[in-house]
Amino acid sequence: MKMKNKINNTLKYFKENIVFFITLIVIIIAFNVNLPYSIYSPGGVINVGNRLEGEIYQSQGNLNLTYVTFLEGKIPNLLLALFLPEWDIVKNSDVTFEEETLEELNLKDRIHLYESISNATYLAYKKAGYNIEIANESIYIINTTDYADTNLKIGDKILSVDEKTIHNFDDLLNIINSHEINDKIKLNIIRNSKELECYAVIKEDNFEKKIGIGISKINEYKLDPNIQYNYKNNESGASGGLMLSLALYNALIEEDITKGKNISGTGTISEDGTVGEISGVKYKLSGAVKNNSDIFIAPRANYEEALKEKDKNNYKIDIIVADTFDQVLEELQKYSQSSH
């Protein structure tokens, strides 16, 4: 009898508070369910000099990399984006390749960060006149092709193939070329901090032996003087490469290339100093302006868009176009001369 009364009282309580419980469920869903969209909005700046550790020359000004603020497609975020003009809603399918997940995209962006740091380090030390020696070379998988017959995944770090340690990309190519078409090779890899054994079948593509993967080569260097760049676990992407190379170079030489200016910018960097295109330049420019930057450096491919954003919003900032590392240094030097 007591049990029956308890059940009846419980049912009565739920009926009397049905609106509350429905509202609670809706709120929980709204704040936890991700719709297939993302939100991009103006970001901020990171003073790269504050991230460098080691024997460095101090700078009077700042060299800042810029970033885009990213929000997941939760309902409250999407509703806010409808009313905030600087927030843009983007379909996830528009920023990923076909059949690629956001998780795989994030893994690729993390690898691109490692590659960016590697390229920037090599370039800065070379331009500053230092010898630089490779201490370790790592091979990461950044994509797989349609014809690939393998259980390798984006983000995997290759350790060995057929029990032979892979020291560089040539080691991998040599092993692949030593096999016949349709041979299966064994690869030991690191995935999610665990060592696993995978396979790949040798295929023919354009008269070459391949296993249908795209790779990224990342070098670690023996550095003297030893300057390290400290990045955070939530950071990714290659777009900070140019500003990192400038900041490292500035830390290695006596002359201060900032001349006391607050300089922000964006752009990928290659080992030969070529500056590459990025995405989200309008958000990065907005972040630079909000952080009182005197100069914004934009890759050639993004330069016109940056100028249009400057004119449209009446931004008080100078924009420098970036083609190569050397050319950016020349532009900064000209800027400092014309400022006197």
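This section reports on the structure supplied with the text. The residue count restarts for each chain, going from 1 along the sequence in the order it is written. It should be noted that, the model being predicted, local features are given only for residues of pLDDT at least 70 and side-chain atom pairs only at 80 or more, the latter also being counted only at that level, while totals for whole chains, interfaces and linings use all residues. To get the side-chain values, all heavy atoms of the structure are used, and hydrogens and water are removed first.

**Section: helix 7 (residues 281-290)**
Of all the ten residues making up helix 7, seven are buried; the element is thus mostly covered by neighbouring parts of the structure. Counting from the N terminus, the helices are DSSP H or I runs at least four residues long and the strands are E runs at least two residues long. Phi turns positive one or two residues past the end of helix 7, at Asn 292, with a value near 60°. Partly exposed describes any residue whose relative accessible area lies between the buried limit of under 20% and the exposed limit of over 50%, with all areas from a 1.4 Å probe on protein chains only and scaled to the type maximum.

**Looking at the pattern of salt bridges**
For salt bridges, the criterion is a side-chain nitrogen of Lys or Arg within 4 Å of an Asp or Glu carboxyl oxygen. Taken as a whole and judged by the stated rule, the model has twelve salt bridges. Linking Arg 51 and Glu 235 is a salt bridge whose minimum nitrogen-to-oxygen distance equals 2.7 Å. Of this pair, Arg 51 sits in the loop between strand 1 (37-47) and strand 2 (52-53) while Glu 235 sits in the loop between strand 13 (228-229) and helix 6 (241-252), placing them 184 residues apart in sequence. Taking the relative accessible area as the measure of exposure, Arg 51 reaches 13% and is therefore buried. Overall, the relative accessible area of 15% leaves Glu 235 in the buried class. Glu 208 is the partner of Lys 210 in a salt bridge, and the nearest nitrogen-oxygen pair spans 3.7 Å. Look at Lys 210 and you get partly exposed, because its relative accessible area is 27%. On the basis of relative accessible area, Glu 208 is assigned to the partly exposed category, the value being 46%.

**Examining the packing of helix 4 (residues 102-127) against helix 6**
Only the contacting stretch of a helix is used when fitting its axis, a line to C-alpha atoms as for every element, and angles between N-to-C directions run 0 to 180 degrees. Relative to each other, helix 4 and helix 6 sit at 35°, their axes nearing to 8 Å. Handedness of the helix 4/helix 6 crossing: right-handed. Contact with helix 4, carried on its side by Ser 116, Ile 117, Ala 120, Thr 121, Leu 123, Ala 124, Tyr 125 and Lys 127, involves Gly 241, Leu 244, Ser 245, Leu 248, Tyr 249 and Leu 252 of helix 6 and no other residues of that element. Only Asp, Glu, Lys and Arg are considered charged, only Ala, Val, Leu, Ile, Met, Phe, Trp, Tyr, Cys and Pro nonpolar, and every remaining residue, Gly among them, polar. By residue class, the composition of the contact of helix 4 with helix 6 is nine nonpolar, four polar and one charged. Should the near helix be turned anticlockwise from the far one by less than a right angle, the crossing is termed left-handed; should it be turned clockwise, right-handed. Any two residues having at least one pair of non-hydrogen atoms within 4.5 Å are treated as being in contact.

**Considering the sheet that holds strand 3 (residues 62-72)**
Judged by pairing direction, the sheet is mixed, and its six strands sit side by side in the order 4-1-3-14-17-18 without closing on themselves. Bordering the open sheet on either side are strand 4 (88-91) and strand 18 (318-322), each of which pairs with just one other strand. On average, each strand axis in the sheet is inclined to that of its neighbour by 35°, with strand direction left out of account. Running over the sheet, helix 7 touches strand 1, strand 3, strand 4, strand 14 (262-265), strand 17 (295-299) and strand 18 and is turned about 40° from strand 1. Only strands that DSSP links by at least two bridges are regarded as paired with each other.

**Focus: the packing of aromatic side chains**
Stacked, edge-to-face and tilted are the three classes for Phe, Tyr and Trp ring pairs, Trp counted by its six-membered ring, which pair at centre distances within 6.5 Å; planes under 30 degrees apart are stacked, over 60 edge-to-face, the rest tilted. Scanning the model with the defined rule gives six aromatic pairs in all. Between the aromatic rings of Tyr 125 and Tyr 130, the centroid separation amounts to 6.0 Å while the plane-to-plane angle is 65°, which identifies the pairing as edge-to-face. According to the relative accessible area criterion, Tyr 130 is partly exposed, its value standing at 27%. Arranged with centres 5.5 Å apart and planes meeting at 85°, the rings of Tyr 249 and Phe 325 form a pair that is edge-to-face. Within this pair, whereas Tyr 249 is found in helix 6, its partner Phe 325 is found in helix 9 (residues 325-338), the two being separated by 76 residues in sequence. One exposure class covers both Tyr 249 and Phe 325, and it is buried. Ring pairs connect the aromatic residues Tyr 114, Tyr 140 and Tyr 231, which therefore count as one cluster. Placement of a charge over a ring requires the Lys NZ or Arg CZ to be within 6 Å of the ring centre, with the centre-to-atom vector within 35 degrees of the ring normal. In this arrangement the basic side chain of Lys 184 is found over the ring face of Tyr 199, its NZ or CZ atom lying 4.6 Å from the centre.

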